[in-house]
Amino acid sequence: LRIYRSPVWPMALATAAGVGVIAVSYQFATDIGDGAAQFIGVPVSIISATAMSGTFAATAFSFSAILYREPLRALGFVKTIGLGPYVLAAGMWIIGLSALMFWVQVLIWLNIDLLLPPDTAEKALNEAGGSIVITLILVGLLGPIAEEIFFRGFVLPGLIKRLGVGRALVISSLVFGLFHIDPGAIVPTFALGLALGWVYLKTGSIWPAIFAHGLHNTVAVLIAKYGNVT
């Protein structure tokens, strides 16, 4: 009974499933040039990122539901009322986007190319052979859901209990930024994490944060796809 009540086994299963999906994808992938590979029309890199995000979400569910025996509400799965929370989420996203644009301009003025945000949306599109549908499903929907469950639904509330709201918001956002690895992505995702964390704290629900995160990724993909069309 202790084994079945442990959060380790669902985490291990999720990790094994993710590794299996990635391994199968690489095994049967086709080379489309420039070091990129696809499996059934989906970039292996996006499959890998989605599988990793899924493992994070499984970790959050495992600890919350199995170890601490918390209801889904503890992860932020709370019903919202009206459009107010989503208007707030969109507004915070715009504020975060404005801060990002200012940050990029400062980097350009100082000629610091290393910290310029990478165009991950365009890269994902190129690897997907330009398929907007596949990219939007994985990058604009599944990725935000999994990441919000872990970072805003699990990490942020857990840190609040130990560090208080302010420090928890900053640290969880920093971890969110470091999760994206690329030096140029750390500051933008940190700022996005602050905005999403604030939305979660103000609404008490993870859904508006998922909406804002998905909106951010979707807009980035659409700009990468159609922004240069003349």
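Look a little higher up for the structure.
Residues numbered from 1 in each chain as written. Predicted model: local features only at pLDDT ≥ 70, side-chain atom pairs only at ≥ 80, totals over all residues. Heavy atoms only, no water.

A.B. asks: Explain a nonpolar patch on the surface residue by residue, including any values.
C.D. replies: On the surface, a cluster of nonpolar side chains totalling about 700 Å² of accessible area is made up of Phe 102, Ile 108, Trp 109, Leu 110, Ile 112 and Leu 114. What makes Ile 112 partly exposed here is its relative accessible area of 31%. (Patch = residues over 30% accessible without salt bridge, like charges linked within 9 Å, V, L, I, M, F, W, Y side chains within 5 Å. Areas by Shrake-Rupley, 256 points an atom, 1.4 Å probe, with all protein chains shown as cover. Salt bridge = Lys/Arg side-chain N within 4 Å of Asp/Glu carboxyl O. Buried < 20%, exposed > 50% of the residue type's maximum accessible area, 1.4 Å probe, protein only.)

A.B. asks: Describe the packing of aromatic side chains, and please don't skip the residues or the numbers.
C.D. replies: How two aromatic rings sit relative to each other is set out by the distance from centre to centre and by the angle between their planes. What the rule picks out here adds up to 11 aromatic pairs. Ring geometry for Phe 63 against Phe 154: centres 6.1 Å apart, planes inclined by 40°, an arrangement best described as tilted. Residue Phe 63 is found in helix H2 (residues 44-67), and its partner Phe 154 is found in helix H5 (residues 132-163); the two are separated by 91 residues along the sequence. Residue classification places Phe 63 among the partly exposed residues on the basis of a relative accessible area of 24%. Exposure remark for Phe 154: the relative accessible area of 23% places this residue in the partly exposed category. Relative to Trp 207, the ring of Phe 77 has its centre 5.4 Å away and its plane inclined at 75°; by these criteria the two rings are edge-to-face. Of the two residues, Phe 77 is situated in the loop between H2 and helix H3 (84-110) and Trp 207 in helix H8 (residues 207-226); the sequence distance between them amounts to 130 residues. Through a chain of ring-to-ring contacts, three or more aromatic side chains come together here, namely Phe 56, Phe 63, Phe 150, Phe 151, Phe 154, Phe 176 and Phe 179. Positioned over the ring face of Phe 176 is Arg 152, at 4.3 Å from the centre of the ring. (Phe/Tyr/Trp six-rings, centres within 6.5 Å; stacked < 30°, edge-to-face > 60°. Helix = DSSP H or I, 4+ residues; strand = E, 2+ residues; numbered from the N terminus. Lys NZ or Arg CZ within 6 Å of the ring centre and 35° of its normal.)

A.B. asks: Run through the environment of Ile 206, naming residues and quoting values.
C.D. replies: Structurally, Ile 206 is set in the loop between helix H7 (183-203) and H8. The class of Ile 206 is buried, set by a relative accessible area of 0%. Sequence spacing of Ile 206 and Gly 76 is 130 residues, and the spatial spacing of their C-alpha atoms is 4.6 Å.

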